[in-house]
Amino acid sequence: MIKLYGVAASNYFNSVKHALLVKAIDFTEVETYTGNKDESYLDKSPMGKIPCIETESGCLSEATVILDYLEDVYPTPPLYPADAFGRAKVRQIMKMAELYIELQARRHIPEVVAGTPRLDEAFKEVPGMMKRGLRALDRLCGKGRFLFGEQLTYADIHTRYCLKIGKRIAYKIYDWDMLAEFEHLNRWYEAFAEDPVAKKVDAESAAAMAAFIAHVQQQRSAAGASA
Ligand SMILES: N[C@@H](CCC(=O)N[C@@H](CS)C(=O)NCC(=O)O)C(=O)O
């Protein structure tokens, strides 16, 4: 059985978890907090990041690499289109959501989660880049029920969790409803939130959030105490 290391408060963890659930793959979650630098965990996930999966063949980290592996080993239901160009388009959407929205918003995570001081440079740069990323996604994605083509793909799953954290940070830091001006993306996002797998992942994520925040704050005070 696959072991999924991480915590449900993490968007990358949830992207992989969503795929495991859609593909009905047997897996178990192993609670592993961020900042885990134990040698035994670094053997599994060399950057110490979550998520990581342990399979019969060994361990893998990096969410989109894990998603690709799951598709190769558990092809049903398919979460990539059948043709090479379609698969590349799905990867383009995923990469753009990650680079230009998730990773931008992420610059504010220490402030939101651990209460660290505001980073002025990030405060100035992040919303512009996120808006540009959202405009690009809006232009790139189809206007139908799914972001690409006529069925659920990794574009929907991975982008959902990238946008979820982006939305949360945009509200908190900028009081900005980042999807408000993107009618189709907003409709897609709201509709996907009603999907039973998304609901399960969200409920478990919400339940894990308080413990995650407490853990990060406790790590921060321990680091401050030892400085
Ligand atoms: N590129 C990685 C990013 C994963 C990531 O940043 N995970 C965060 C939690 S959401 C983490 O482990 N942070 C701890 C750290 O950076 O040391 C992936 O795609 O899996």
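The coordinates are above.
Throughout what follows, the structure given in this document is the object of discussion. No experiment lies behind these values; they were computed from the predicted model shown.

### Considerations on the nonpolar core
Link 1 in the chain: Core analysis: the biggest nonpolar cluster contains 52 residues, and V16, I93, A97, I101 and Y154 have the highest contact counts within it.
Link 2 in the chain: The leading source of residues in this core is helix α7 (residues 154–174), at nine residues.
Link 3 in the chain: Viewed by domain, this core spans two of them, domain 1 (2–77 + 196–226) and domain 2 (84–192), each represented by three or more residues.

### Concerning the packing of helix α4 (residues 84–105) against α7
Link 1 in the chain: Between α4 and α7, whose axes approach to 9 Å, the crossing angle comes to 15 degrees. When the axes of α4 and α7 are compared, the pair comes out roughly parallel. Helix-helix and strand crossings are classified by hand; for α4 and α7 the assignment is left-handed. Across the interface between the two elements, V90, I93, M94, A97, E98, I101, E102 and A105 of α4 pack against Y154, A155, H158, T159, C162, L163, I165, G166, I169 and A170 of α7.
Link 2 in the chain: Each residue belonging to the contact of α4 with α7 can be placed in one class, and the counts come to 13 nonpolar, three polar and two charged.

### Considerations on the site of the ligand
Link 1 in the chain: Around the ligand, a shell composed of S10, N11, Y12, T34, G35, G48, K49, I50, P51, E62, A63 and T64 is seen.
Link 2 in the chain: Within the residue set of the shell around the ligand, elements represented by two or more residues are α1 (11–22) and α3 (63–73).
Link 3 in the chain: Residue composition of the shell around the ligand, by class: four nonpolar, six polar and two charged.

Cut-offs applied
Residues numbered from 1 in each chain as written. Predicted model: local features only at pLDDT ≥ 70, side-chain atom pairs only at ≥ 80, totals over all residues. Core = buried A, V, L, I, M, F, W, Y, C linked by C-beta atoms within 7 Å. Buried ≥ 20, exposed ≤ 12 C-beta atoms within 10 Å, placed from the backbone. Helix = DSSP H or I, 4+ residues; strand = E, 2+ residues; numbered from the N terminus. Domains from an automatic or database assignment. Axes fitted to C-alpha atoms, helices over the stretch in contact; angles between N-to-C directions. Parallel < 35°, antiparallel > 145°, perpendicular 65-115°, else oblique. Left-handed = near helix turned anticlockwise from the far one by under 90°. Contact = placed C-beta atoms within 7 Å. Nonpolar A, V, L, I, M, F, W, Y, C, P; charged D, E, K, R; others polar. Near = placed C-beta within 6 Å.

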